[in-house]
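Chains, contacts and geometry: an overview
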Amino acid sequence: MPRKAQNESVPDLNAAPGGAAAVDRALSLLSAFQPGDEALSLAQFAERTQLYKSTVLRLLASLEHARLIRRQDDGRYALGLEIARLHGLYAASQSLDRLVLPVLRTLAAATGESAAYHVRQDQGDSWVRLCQFRVDSSHVVRDHVRAGDLLPNDRGAGARVLIAFGPEAERPRGAKERKLYDAIRAQGYCALVGDRTAELAGISAPVFHADGRLAAAVTLTMPTHRYDEGYVGPVRAAAKELSGQV
């Protein structure tokens, strides 16, 4: 039978209601880092969290596997590269929202439909489409996607734009789809009805970095019965306004 700690650990004292104890304990190791710390020893982790060293070692193994922690040659543990990646995403989103959201609000107000900003999010050998920002339609009937949702990377106007203007090697090689993506690049936008879901229509246009690389897709979605080709102009104008700024 395992020994019971004389004092409750820091994560147990600050457990998330309804959360997972193992996750609370793993996160407590990350929170153990303080200003000025370059790396921590096993003993320091145990002292700061009041967890057994054996427990700390198991948690560190998981954090190291996720690249949130890295073990140094001297046996101490430092923050891993995944922390830097997440910080970069956070910093980018915090600065991007001041640029992107006003443009999406203007687009949604002008059309009455839902406006979103979709980006590629790499996942190993593949990628998913992330709805990074979203402004909902004022209509009661609309699609219910939220910022942070992951969407198909092969269906929907936003996905088609991310494919058409993304790496050429990733474009489908079938004649029918190749013709579709050639047309999207030629016209500078994608407008489709019933592509991701039969009840929805979408119009999307690419946003580019200053160096010409694809940054994102601005996408307007609506129920198929409210589809209006006249919305192509506002969507393209919104994408053009953001291009070079992101």
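All of the points below concern the structure found in this document. Note that residues are indexed from 1 along each chain, following the sequence as it is written. Residues qualify for local features only when their pLDDT is at least 70, as the model is predicted, and side-chain atom pairs are given and counted only at 80 or more; totals for whole chains, interfaces and linings, by contrast, use all residues. By convention in this description, side-chain values take in all heavy atoms of the structure and omit both hydrogens and water.

Here a cavity denotes grid points, spaced 1 Å and computed from the protein atoms alone, that fit a 1.4 Å probe unable to get out, and a pocket denotes an open set having protein on both sides within 12 Å along at least 5 of 7 lines; residues with an atom within 4 Å of a point are the lining. Grid points are joined across faces, edges and corners, and a volume is the space filled by probe spheres set on the points. The full count for this structure, using the stated rule, is one cavity of 30 Å³ or more. Taken together, 20 residues line the largest cavity, and the ones lying closest to its centre are Gly 156, Ala 157, Arg 196, Gly 202 and Thr 221. Of the residues assigned to the lining of the largest cavity, the class counts are eight nonpolar, seven polar and five charged. Under the convention adopted here, Pro, Cys and the residues Ala, Val, Leu, Ile, Met, Phe, Trp and Tyr are nonpolar, Asp, Glu, Lys and Arg are charged, and Gly plus all remaining residues are polar.

Right, let's talk about the packing of helix H6 (residues 157-164) against helix H7 (residues 175-187) for a bit. Packing of H6 against H7 brings their axes to within 9 Å, and their N-to-C directions diverge by 85°. Accordingly, the angle class assigned to the pair H6 and H7 is roughly perpendicular. In this structure, H6 uses Arg 160, Val 161, Ile 163 and Ala 164 to contact H7, whose residues at the interface are Glu 177, Leu 180, Tyr 181, Ile 184 and Arg 185. Axis definition: a line fit to C-alpha positions, over the contact stretch in the case of helices; interaxial angles, taken between N-to-C directions, run 0 to 180 degrees. Every helix listed is a DSSP run of H or I at least four residues long, and every strand listed is a run of E at least two residues long, numbered separately from the N terminus. If an angle is under 35 degrees, it is roughly parallel; if it is over 145, roughly antiparallel; if it lies from 65 to 115, roughly perpendicular; otherwise it is oblique. Contacts are assigned to residue pairs that have any heavy atoms within 4.5 Å of one another.

Note on aromatic pairs: the rings of Phe, Tyr and Trp (six-membered ring only in Trp) are paired at centre separations within 6.5 Å, and the planes decide the class, stacked below 30 degrees, edge-to-face beyond 60, tilted for the rest. Tallied over the full model, the rule gives four aromatic pairs. If you follow Arg 120 out to its NZ or CZ, it ends over the ring of Trp 127, 4.4 Å from the centre. Comment: the charge-over-ring label is applied if NZ (Lys) or CZ (Arg) is within 6 Å of the ring centre and within 35 degrees of the ring normal.

On to the sheet that holds strand S3 (residues 114-123). Pairing is antiparallel in the open sheet, where six strands are placed in the order S5-S4-S3-S8-S7-S6. Looking at the sheet topology across the chains shown, the edges are occupied by strand S5 (150-151) and strand S6 (190-193). In short, DSSP must find at least two bridges between two strands for them to pair. Relative to strand S8 (residues 214-223), strand S7 (residues 200-208) runs antiparallel, the two sharing nine bridges. The residue of S8 that forms the bridge with Phe 208 is Leu 214. Its contacts with the sheet place helix H8 (residues 232-242) against S3, S7 and S8, and it is angled at close to 30° to S7.

Further remarks concern the nonpolar core. We define the nonpolar core as a collection of buried residues of types Ala, Val, Leu, Ile, Met, Phe, Trp, Tyr and Cys that are connected through side-chain atoms lying within 4.5 Å of one another. Only protein chains enter the area calculation, which uses a 1.4 Å probe; residues under 20% of their type maximum are buried, those over 50% are exposed, and those in between are partly exposed. By size, the foremost hydrophobic cluster in this structure holds 29 residues, and its most contacted members are Leu 104, Tyr 117, Val 207 and Val 218. Those elements giving two or more residues to this core turn out to be helix H5 (81-111), S3, strand S4 (126-135), S7, S8 and H8. Top element by residues in this core is H5. It accounts for seven residues. Each residue touching Leu 104, except ones within four places of it in the same chain, is listed here: Ala 115, Ala 116, Tyr 117, Phe 133, Arg 134, Val 135 and Val 218. One finds Leu 30, Ala 32, Phe 45 and Tyr 77 within the second-largest nonpolar core, a separate group that totals 16 residues.

Okay, H6 next. Counted residue by residue, H6 has eight buried out of eight residues, so it is predominantly covered. Among all positions in H6, only Ala 157, Gly 158, Ala 159, Arg 160, Val 161, Leu 162, Ile 163 and Ala 164 are buried. On its buried side, H6 packs onto S3, S4, H7, S6, S7 and S8.

Any functional reading would require information beyond the geometric quantities listed.
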